[in-house]
Amino acid sequence: VTVVAAESGYKPGWTLPAAWYTEPEWLHVEDNRIFERSWQYVGWLGNLTTPGSFLTTTVGRMPVVVVHGNDGELRALVNVCRHRGSVVVPEACGSRKTFQCRYHAWTYNLDGTLRKAPRLGDDARSDQGLALERLRLETVGPFAFVCADAEAESLSTLAAEWLPLLEESGLEYDNLVLRESRTYDVKANWKVLAENFLECYHCPVSHHGFSRLIDLDTYAGHVHSDVFWHFRSTARAAAVETNTAGIGDLPRERRDLWNFVVWGSFMANIYPGAGNISTNRLIPLAVDRTLAIYDFYFEPSATDEQVCENIEFIDTVQQEDIALCESVQRGLRSGRLDRGRFVDTEVFLDRFVREVARHMADDDLAAPVLPEALTL
Ligand code: FES
Ligand SMILES: [Fe+2]
(Lines give C-alpha, C1' and ligand atoms only; values in the text may rest on other atoms or scores of the structure.)
(Ligands and ions follow the chains in the order given, each with its own letter.)
Protein backbone atom coordinates (compact mmCIF):
# COMPACT_ATOMS: atom_id res chain seq x y z
CA VAL A 1 0.00 0.00 0.00
CA THR A 2 1.50 3.28 -1.01
CA VAL A 3 0.35 5.73 1.59
CA VAL A 4 3.18 8.22 1.38
CA ALA A 5 2.61 10.76 -1.33
CA ALA A 6 4.65 13.84 -2.08
CA GLU A 7 1.93 16.28 -1.13
CA SER A 8 1.11 14.55 2.13
CA GLY A 9 4.34 14.79 4.10
CA TYR A 10 6.29 17.37 6.07
CA LYS A 11 5.62 21.07 5.68
CA PRO A 12 7.85 23.30 7.85
CA GLY A 13 5.90 25.15 10.53
CA TRP A 14 2.83 22.97 10.12
CA THR A 15 1.61 19.77 11.74
CA LEU A 16 1.37 16.56 9.73
CA PRO A 17 -1.92 16.14 7.92
CA ALA A 18 -4.79 14.99 10.12
CA ALA A 19 -5.01 11.71 8.16
CA TRP A 20 -1.66 10.66 9.65
CA TYR A 21 -3.36 10.68 13.07
CA THR A 22 -6.69 9.19 12.10
CA GLU A 23 -6.38 6.70 9.21
CA PRO A 24 -5.50 3.13 10.27
CA GLU A 25 -3.11 2.47 7.36
CA TRP A 26 -0.71 5.11 8.68
CA LEU A 27 -0.21 3.20 11.90
CA HIS A 28 0.64 0.02 9.99
CA VAL A 29 3.37 1.87 8.15
CA GLU A 30 4.62 3.46 11.39
CA ASP A 31 4.83 -0.01 12.98
CA ASN A 32 7.10 -1.10 10.14
CA ARG A 33 9.16 2.01 9.71
CA ILE A 34 9.33 3.54 13.17
CA PHE A 35 8.60 1.09 15.99
CA GLU A 36 10.30 -1.92 14.39
CA ARG A 37 13.33 0.01 13.19
CA SER A 38 14.27 1.90 16.32
CA TRP A 39 15.34 1.18 19.88
CA GLN A 40 12.40 0.91 22.26
CA TYR A 41 12.53 0.92 26.07
CA VAL A 42 11.23 -2.32 27.55
CA GLY A 43 11.88 -2.23 31.29
CA TRP A 44 14.09 -2.39 34.33
CA LEU A 45 17.17 -4.59 34.61
CA GLY A 46 16.40 -5.04 38.32
CA ASN A 47 13.59 -7.40 37.25
CA LEU A 48 16.11 -9.60 35.40
CA THR A 49 18.80 -10.42 37.94
CA THR A 50 18.53 -14.22 38.26
CA PRO A 51 18.45 -17.03 35.66
CA GLY A 52 14.88 -17.53 34.50
CA SER A 53 13.68 -14.07 35.53
CA PHE A 54 11.74 -12.37 32.76
CA LEU A 55 9.56 -9.41 31.88
CA THR A 56 7.15 -8.92 29.00
CA THR A 57 6.09 -5.85 27.08
CA THR A 58 4.99 -4.69 23.67
CA VAL A 59 7.17 -2.93 21.13
CA GLY A 60 4.88 -1.22 18.64
CA ARG A 61 2.53 -4.12 17.86
CA MET A 62 5.01 -6.86 18.84
CA PRO A 63 4.73 -8.83 22.11
CA VAL A 64 8.24 -9.25 23.53
CA VAL A 65 9.71 -11.23 26.42
CA VAL A 66 13.08 -10.31 27.90
CA VAL A 67 14.72 -13.08 29.88
CA HIS A 68 17.88 -13.79 31.89
CA GLY A 69 19.14 -17.09 30.43
CA ASN A 70 20.72 -20.01 32.25
CA ASP A 71 24.00 -18.97 30.64
CA GLY A 72 23.69 -15.53 32.26
CA GLU A 73 22.90 -13.76 29.00
CA LEU A 74 19.95 -11.39 28.65
CA ARG A 75 17.86 -12.03 25.56
CA ALA A 76 14.85 -10.38 23.98
CA LEU A 77 12.52 -12.76 22.16
CA VAL A 78 9.38 -12.20 20.16
CA ASN A 79 6.69 -13.52 22.50
CA VAL A 80 4.64 -15.22 19.77
CA CYS A 81 4.30 -19.00 19.60
CA ARG A 82 5.68 -20.63 16.45
CA HIS A 83 2.77 -23.10 16.43
CA ARG A 84 -0.28 -20.96 15.78
CA GLY A 85 0.61 -17.60 17.17
CA SER A 86 -0.57 -17.47 20.78
CA VAL A 87 1.35 -15.15 23.09
CA VAL A 88 3.64 -17.58 24.91
CA VAL A 89 4.27 -15.74 28.18
CA PRO A 90 1.23 -13.73 29.34
CA GLU A 91 2.52 -12.52 32.74
CA ALA A 92 4.11 -9.07 33.11
CA CYS A 93 7.13 -10.50 34.92
CA GLY A 94 8.24 -13.49 36.97
CA SER A 95 10.61 -16.44 36.82
CA ARG A 96 10.42 -19.63 34.73
CA LYS A 97 12.63 -22.61 33.88
CA THR A 98 11.10 -22.87 30.42
CA PHE A 99 8.40 -21.04 28.48
CA GLN A 100 5.40 -23.25 27.85
CA CYS A 101 2.65 -21.95 25.60
CA ARG A 102 -0.75 -22.35 27.24
CA TYR A 103 -2.56 -23.23 24.04
CA HIS A 104 -1.06 -26.62 23.01
CA ALA A 105 1.95 -26.82 25.34
CA TRP A 106 4.79 -26.18 22.93
CA THR A 107 7.72 -25.50 25.22
CA TYR A 108 10.70 -23.25 24.59
CA ASN A 109 14.06 -23.01 26.34
CA LEU A 110 15.02 -19.67 27.86
CA ASP A 111 17.21 -19.00 24.80
CA GLY A 112 14.12 -19.31 22.62
CA THR A 113 14.88 -22.70 21.05
CA LEU A 114 12.01 -25.15 20.81
CA ARG A 115 12.29 -27.84 23.49
CA LYS A 116 9.07 -29.84 23.20
CA ALA A 117 6.15 -29.87 20.83
CA PRO A 118 3.69 -32.72 21.46
CA ARG A 119 3.07 -34.80 18.33
CA LEU A 120 5.41 -32.77 16.17
CA GLY A 121 7.91 -34.99 14.32
CA ASP A 122 11.61 -34.83 15.30
CA ASP A 123 12.66 -33.34 11.98
CA ALA A 124 10.24 -30.51 12.25
CA ARG A 125 11.09 -29.94 15.91
CA SER A 126 14.78 -29.36 15.31
CA ASP A 127 13.96 -26.84 12.62
CA GLN A 128 15.63 -23.58 13.69
CA GLY A 129 12.73 -21.73 12.14
CA LEU A 130 10.68 -22.84 15.13
CA ALA A 131 12.72 -21.00 17.75
CA LEU A 132 11.26 -17.79 19.17
CA GLU A 133 12.64 -14.92 17.11
CA ARG A 134 15.47 -13.08 18.80
CA LEU A 135 15.72 -9.29 18.90
CA ARG A 136 18.66 -7.05 19.78
CA LEU A 137 18.90 -5.92 23.38
CA GLU A 138 21.09 -3.18 24.86
CA THR A 139 21.03 -1.26 28.11
CA VAL A 140 21.48 2.31 29.30
CA GLY A 141 22.04 2.53 33.06
CA PRO A 142 19.31 0.38 34.63
CA PHE A 143 17.05 0.50 31.54
CA ALA A 144 16.71 -2.26 28.91
CA PHE A 145 16.02 -1.39 25.28
CA VAL A 146 15.10 -3.68 22.38
CA CYS A 147 15.38 -3.26 18.63
CA ALA A 148 13.86 -5.41 15.91
CA ASP A 149 16.12 -3.99 13.19
CA ALA A 150 19.46 -5.73 12.67
CA GLU A 151 20.68 -2.73 10.68
CA ALA A 152 19.91 -0.03 13.24
CA GLU A 153 22.82 1.75 14.89
CA SER A 154 23.93 0.55 18.29
CA LEU A 155 22.31 2.16 21.31
CA SER A 156 25.71 3.15 22.70
CA THR A 157 25.44 6.66 21.22
CA LEU A 158 22.30 7.22 23.28
CA ALA A 159 24.07 5.93 26.39
CA ALA A 160 27.03 8.26 25.76
CA GLU A 161 24.68 11.24 25.59
CA TRP A 162 22.26 10.31 28.31
CA LEU A 163 24.42 9.01 31.16
CA PRO A 164 26.40 12.28 31.62
CA LEU A 165 23.08 14.13 31.90
CA LEU A 166 21.86 11.68 34.52
CA GLU A 167 25.11 12.28 36.42
CA GLU A 168 24.65 16.02 36.16
CA SER A 169 21.15 15.76 37.59
CA GLY A 170 22.62 14.14 40.71
CA LEU A 171 20.48 11.02 40.27
CA GLU A 172 22.10 7.80 41.53
CA TYR A 173 20.80 5.93 38.52
CA ASP A 174 22.64 2.68 39.17
CA ASN A 175 20.69 2.08 42.36
CA LEU A 176 17.20 2.92 41.15
CA VAL A 177 14.30 0.76 42.25
CA LEU A 178 11.09 0.43 40.24
CA ARG A 179 8.40 1.17 42.82
CA GLU A 180 5.26 1.31 40.70
CA SER A 181 3.98 1.18 37.11
CA ARG A 182 0.78 2.78 35.84
CA THR A 183 -0.84 2.23 32.47
CA TYR A 184 -2.98 4.99 30.94
CA ASP A 185 -5.29 3.98 28.10
CA VAL A 186 -5.62 7.12 26.00
CA LYS A 187 -8.06 7.68 23.14
CA ALA A 188 -5.54 9.48 20.94
CA ASN A 189 -2.89 8.75 18.33
CA TRP A 190 0.58 8.13 19.79
CA LYS A 191 1.98 11.18 17.96
CA VAL A 192 -0.56 13.43 19.67
CA LEU A 193 0.86 12.26 23.02
CA ALA A 194 4.44 12.66 21.82
CA GLU A 195 3.80 16.17 20.53
CA ASN A 196 2.07 17.13 23.76
CA PHE A 197 5.25 16.13 25.59
CA LEU A 198 7.46 18.18 23.28
CA GLU A 199 6.11 21.60 24.20
CA CYS A 200 5.35 23.45 27.39
CA TYR A 201 3.34 26.13 25.58
CA HIS A 202 0.29 24.50 27.17
CA CYS A 203 1.75 24.27 30.68
CA PRO A 204 0.63 27.65 32.11
CA VAL A 205 -2.83 27.16 30.60
CA SER A 206 -3.42 23.55 31.54
CA HIS A 207 -1.06 22.44 34.34
CA HIS A 208 -1.62 24.71 37.32
CA GLY A 209 0.06 22.56 39.96
CA PHE A 210 3.02 21.98 37.64
CA SER A 211 3.29 25.70 36.89
CA ARG A 212 3.44 26.50 40.62
CA LEU A 213 6.45 24.18 40.96
CA ILE A 214 8.38 24.89 37.74
CA ASP A 215 9.65 28.26 36.52
CA LEU A 216 8.43 28.02 32.92
CA ASP A 217 10.63 30.92 31.81
CA THR A 218 13.64 28.65 32.34
CA TYR A 219 12.25 25.81 30.18
CA ALA A 220 14.85 25.03 27.49
CA GLY A 221 15.26 22.20 24.99
CA HIS A 222 18.48 20.65 23.65
CA VAL A 223 18.90 18.46 20.59
CA HIS A 224 21.55 15.75 20.88
CA SER A 225 20.82 13.69 17.79
CA ASP A 226 17.90 12.79 15.58
CA VAL A 227 16.65 10.45 18.27
CA PHE A 228 17.57 12.01 21.61
CA TRP A 229 16.57 15.38 23.03
CA HIS A 230 16.28 16.82 26.51
CA PHE A 231 14.57 19.72 28.25
CA ARG A 232 15.63 21.29 31.50
CA SER A 233 14.00 23.86 33.77
CA THR A 234 14.34 24.95 37.36
CA ALA A 235 11.96 24.99 40.28
CA ARG A 236 10.36 28.34 41.08
CA ALA A 237 12.10 30.41 43.75
CA ALA A 238 8.80 30.52 45.66
CA ALA A 239 8.60 26.72 45.62
CA VAL A 240 12.14 26.51 47.01
CA GLU A 241 11.35 29.08 49.70
CA THR A 242 8.18 27.32 50.81
CA ASN A 243 10.04 24.00 50.58
CA THR A 244 7.48 22.36 48.26
CA ALA A 245 8.20 18.59 48.03
CA GLY A 246 11.13 19.23 50.38
CA ILE A 247 13.15 20.86 47.58
CA GLY A 248 14.32 23.75 49.77
CA ASP A 249 16.52 21.28 51.67
CA LEU A 250 18.09 19.77 48.52
CA PRO A 251 21.31 20.58 46.67
CA ARG A 252 20.91 22.85 43.65
CA GLU A 253 21.00 20.12 40.96
CA ARG A 254 18.16 18.24 42.63
CA ARG A 255 15.78 21.15 42.23
CA ASP A 256 15.62 20.93 38.44
CA LEU A 257 13.12 19.26 36.17
CA TRP A 258 14.69 17.15 33.43
CA ASN A 259 12.69 15.68 30.54
CA PHE A 260 14.33 13.24 28.14
CA VAL A 261 12.85 12.13 24.83
CA VAL A 262 14.02 9.19 22.74
CA TRP A 263 12.47 9.32 19.29
CA GLY A 264 9.08 10.41 20.52
CA SER A 265 7.80 7.11 21.87
CA PHE A 266 9.93 7.06 25.03
CA MET A 267 10.25 9.80 27.58
CA ALA A 268 11.68 10.09 31.07
CA ASN A 269 11.31 12.79 33.70
CA ILE A 270 13.32 13.70 36.75
CA TYR A 271 11.23 15.92 39.02
CA PRO A 272 12.59 18.26 41.66
CA GLY A 273 12.74 16.38 44.95
CA ALA A 274 13.88 12.99 46.26
CA GLY A 275 15.90 10.94 43.71
CA ASN A 276 13.31 9.95 41.13
CA ILE A 277 12.89 9.26 37.45
CA SER A 278 9.67 8.25 35.74
CA THR A 279 9.73 6.67 32.31
CA ASN A 280 6.85 6.91 29.88
CA ARG A 281 6.62 4.63 26.86
CA LEU A 282 3.95 4.86 24.21
CA ILE A 283 2.40 1.72 22.77
CA PRO A 284 -0.08 2.30 19.95
CA LEU A 285 -3.06 -0.09 20.11
CA ALA A 286 -4.87 1.57 17.21
CA VAL A 287 -4.54 4.76 15.22
CA ASP A 288 -6.71 6.52 17.80
CA ARG A 289 -5.75 4.59 20.95
CA THR A 290 -2.44 4.48 22.80
CA LEU A 291 -1.18 3.00 26.03
CA ALA A 292 1.12 5.30 27.98
CA ILE A 293 2.98 3.17 30.51
CA TYR A 294 4.72 4.97 33.34
CA ASP A 295 7.44 3.26 35.38
CA PHE A 296 8.21 5.15 38.58
CA TYR A 297 11.80 4.66 39.74
CA PHE A 298 13.34 5.98 42.96
CA GLU A 299 16.62 5.88 44.78
CA PRO A 300 16.49 3.37 47.65
CA SER A 301 16.46 6.20 50.22
CA ALA A 302 13.12 7.62 48.98
CA THR A 303 10.44 7.27 51.66
CA ASP A 304 6.98 5.87 50.96
CA GLU A 305 5.59 9.35 51.45
CA GLN A 306 7.97 10.86 48.88
CA VAL A 307 7.18 8.06 46.42
CA CYS A 308 3.45 8.61 46.85
CA GLU A 309 3.71 12.36 46.54
CA ASN A 310 5.80 12.18 43.35
CA ILE A 311 3.53 9.60 41.69
CA GLU A 312 0.37 11.51 42.55
CA PHE A 313 1.87 14.76 41.24
CA ILE A 314 2.81 13.12 37.92
CA ASP A 315 -0.54 11.35 37.75
CA THR A 316 -2.34 14.70 38.02
CA VAL A 317 -0.25 16.16 35.18
CA GLN A 318 -0.87 13.03 33.12
CA GLN A 319 -4.66 13.18 33.66
CA GLU A 320 -4.59 16.80 32.51
CA ASP A 321 -2.57 15.82 29.43
CA ILE A 322 -4.87 12.91 28.60
CA ALA A 323 -7.88 15.24 28.47
CA LEU A 324 -5.94 17.56 26.13
CA CYS A 325 -4.78 14.75 23.84
CA GLU A 326 -8.21 13.14 23.60
CA SER A 327 -9.66 16.53 22.75
CA VAL A 328 -7.10 16.97 19.95
CA GLN A 329 -7.94 13.53 18.58
CA ARG A 330 -11.66 14.41 18.46
CA GLY A 331 -10.80 17.59 16.58
CA LEU A 332 -8.47 15.82 14.14
CA ARG A 333 -11.14 13.33 13.15
CA SER A 334 -13.62 16.10 12.38
CA GLY A 335 -12.32 16.39 8.84
CA ARG A 336 -12.23 20.18 9.28
CA LEU A 337 -8.51 20.66 9.93
CA ASP A 338 -5.91 19.36 7.53
CA ARG A 339 -2.83 20.88 9.17
CA GLY A 340 -2.35 22.90 12.36
CA ARG A 341 0.12 25.82 12.56
CA PHE A 342 3.08 25.69 14.99
CA VAL A 343 4.16 28.79 16.89
CA ASP A 344 7.84 29.78 16.94
CA THR A 345 8.62 28.01 20.22
CA GLU A 346 7.21 24.70 18.98
CA VAL A 347 10.44 23.90 17.14
CA PHE A 348 10.71 20.47 18.75
CA LEU A 349 7.34 19.51 17.34
CA ASP A 350 8.47 20.65 13.93
CA ARG A 351 11.58 18.54 14.35
CA PHE A 352 9.56 15.55 15.54
CA VAL A 353 7.08 15.59 12.66
CA ARG A 354 9.98 16.04 10.24
CA GLU A 355 11.56 12.87 11.63
CA VAL A 356 8.27 11.00 11.38
CA ALA A 357 7.87 12.10 7.77
CA ARG A 358 11.46 11.17 6.98
CA HIS A 359 11.04 7.65 8.36
CA MET A 360 7.70 7.18 6.66
CA ALA A 361 9.08 8.15 3.27
CA ASP A 362 12.29 6.18 3.68
CA ASP A 363 11.21 2.95 2.05
CA ASP A 364 11.09 1.29 -1.31
CA LEU A 365 7.31 0.99 -1.03
CA ALA A 366 7.00 4.59 -2.07
CA ALA A 367 9.13 6.98 -4.01
CA PRO A 368 11.18 8.96 -1.47
CA VAL A 369 9.70 12.37 -0.91
CA LEU A 370 10.57 15.48 1.10
CA PRO A 371 14.37 15.47 0.79
CA GLU A 372 14.92 19.24 0.53
CA ALA A 373 12.26 20.10 3.01
CA LEU A 374 13.82 17.83 5.59
CA THR A 375 17.13 19.60 6.03
CA LEU A 376 16.81 21.95 8.98
S1 FES B 1 -0.23 -21.78 19.71
FE2 FES B 1 1.33 -22.18 21.12
S3 FES B 1 1.26 -24.30 21.33
FE4 FES B 1 -0.28 -23.90 19.88
FE1 LIG C 1 1.30 18.53 29.54
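Whatever comes next refers back to the structure up there.
Procedures and definitions
Residues numbered from 1 in each chain as written. Chains lettered and ligands numbered in written order. Predicted model: local features only at pLDDT ≥ 70, side-chain atom pairs only at ≥ 80, totals over all residues. Heavy atoms only, no water. Helix = DSSP H or I, 4+ residues; strand = E, 2+ residues; numbered from the N terminus. Rg over C-alpha atoms; globule rule 2.2 N^0.38 Å. Buried < 20%, exposed > 50% of the residue type's maximum accessible area, 1.4 Å probe, protein only. Contact = heavy atoms within 4.5 Å. Areas by Shrake-Rupley, 256 points an atom, 1.4 Å probe, with all protein chains shown as cover. Lys, Arg positive; Asp, Glu negative; His and termini not counted. Charge placed at Lys NZ, Arg CZ, Asp CG, Glu CD. Phe/Tyr/Trp six-rings, centres within 6.5 Å; stacked < 30°, edge-to-face > 60°. Lys NZ or Arg CZ within 6 Å of the ring centre and 35° of its normal. Donors = N, O, S within 2.8 Å, 3.2 Å for Na, K, Ca; no water. Tetrahedral: all angles 85-135°; square planar, octahedral: opposite > 155°, others 65-115°. Polar contact = N/O pair within 3.5 Å; in protein donor to acceptor, adjacent residues only side chain to side chain. Disulfide = S-S within 2.5 Å. 1 Å grid on protein atoms, 1.4 Å probe; cavity = no way out; pocket = protein on both sides within 12 Å on 5 of 7 lines; lining within 4 Å. Points joined across faces, edges and corners; volume = space filled by probe spheres on them. Nonpolar A, V, L, I, M, F, W, Y, C, P; charged D, E, K, R; others polar. Pairing = 2+ DSSP bridges. Axes fitted to C-alpha atoms, helices over the stretch in contact; angles between N-to-C directions.

Draft legend 1. Structural detail: the overall build of the chain. Tallying secondary structure elements over the chain gives 11 helices and 17 strands in all. In terms of C-alpha radius of gyration, the chain reaches 22 Å, essentially the compact-globule figure of 21 Å for 376 residues. Residues classed as buried in the chain amount to 53% of the 376 residues present. For the chain, contacts bridging at least 24 residues in sequence account for 60% of all contacts bridging at least 6. Surface exposure of the chain reaches about 16,900 Å², of which carbon and sulfur atoms provide 50%. Both charge centroids of the chain, one from 36 positive and one from 54 negative side chains, sit 6 Å from each other.

Draft legend 2. Geometry of the packing of aromatic side chains. All told, the structure shown has 24 aromatic pairs when counted by the stated rule. With a centroid separation of 5.5 Å and 15° between ring planes, the pair formed by F143 and W162 is classed as stacked. In this pair, F143 sits in strand 10 (residues 143-147) while W162 sits in helix 4 (residues 156-169), placing the two residues 19 residues apart along the sequence. W162 gets classed as buried once you look at its relative accessible area, which sits at 0%. Taking the ring centre of W14 as reference, the NZ or CZ of K11 above it sits at 4.7 Å. Sitting above the plane of the Y21 ring, K191 keeps its charged end 4.6 Å from the centroid.

Draft legend 3. Region of the structure containing the coordination of the iron ion (ligand 2). At this site the iron ion (ligand 2) is bound by H202 (NE2), H207 (NE2), D321 (OD) and D321 (OD), with donor distances of 2.0 to 2.6 Å. Its 4 donor atoms give the iron ion (ligand 2) angles of 56 to 153° at the centre, a pattern that matches the irregular case. Coordination of the iron ion (ligand 2) draws on donor residues from a single chain, spaced H-x4-H-x113-D in sequence. Note that H207 is positioned in the loop between helix 6 (203-206) and helix 7 (208-213) and D321 in helix 9 (residues 304-332), a separation of 114 residues in sequence. By relative accessible area, H207 is classed as buried at 2%.

Draft legend 4. Representation of the side chain of N276 in the model. You can see N276 is positioned in strand 16 (residues 276-286). Overall, the relative accessible area of 2% leaves N276 in the buried class. Of note is the side chain of N276, whose polar atom sits 2.9 Å from the backbone oxygen of Y271. Among the polar contacts made by the side chain of N276, one reaches the side chain of N310 at a distance of 3.4 Å.

Draft legend 5. The state of the cysteines, seen in detail. A full pass over the atoms with the stated rule returns 1 disulfide. A sulfur-sulfur separation of 2.0 Å characterises the disulfide bridge that pairs C200 with C203. In this structure, the disulfide formed by C200 and C203 twists by about -95° around the S-S bond and is classed as left-handed. On the basis of relative accessible area, C200 is assigned to the buried category, the value being 15%. A relative accessible area of 3% places C203 in the buried class. C93 takes part in no disulfide bond, and the closest cysteine sulfur, belonging to C101, lies 20 Å away.

Draft legend 6. Main features of the layout of surface pockets. The computed volume of the second largest pocket comes to approximately 490 Å³. The wall of the second largest pocket is formed by 21 residues, among which E195, E199, V328, E346 and L349 lie closest to the centre. Looking at the lining of the second largest pocket, the elements that each hand over two or more residues are helix 5 (190-197), helix 6 and helix 9. The element that contributes the greatest number of residues to the lining of the second largest pocket is helix 9, accounting for 5 residues. Taken together, the residues that form the lining of the second largest pocket break down as 11 nonpolar, 6 polar and 4 charged.

Draft legend 7. Quick look at the sheet that holds strand 17 (residues 289-298). Pairing is antiparallel in the open sheet, where 7 strands are placed in the order 11-17-16-15-14-13-12. Pairing within the sheet leaves two strands with one partner each, and these edge strands are strand 11 (177-186) and strand 12 (214-223). Here the strands of the sheet are splayed against their neighbours by 15° on average, with no regard to which way each runs. Relative to strand 17, strand 11 runs antiparallel, the two being bridged by 9 bridges. Paired with D185 across the strands is L291, a residue of strand 17. Sheet strands in contact with helix 5 are strand 11, strand 14 (256-262), strand 15 (266-270), strand 16 and strand 17, and its direction is about 155° off that of strand 16.

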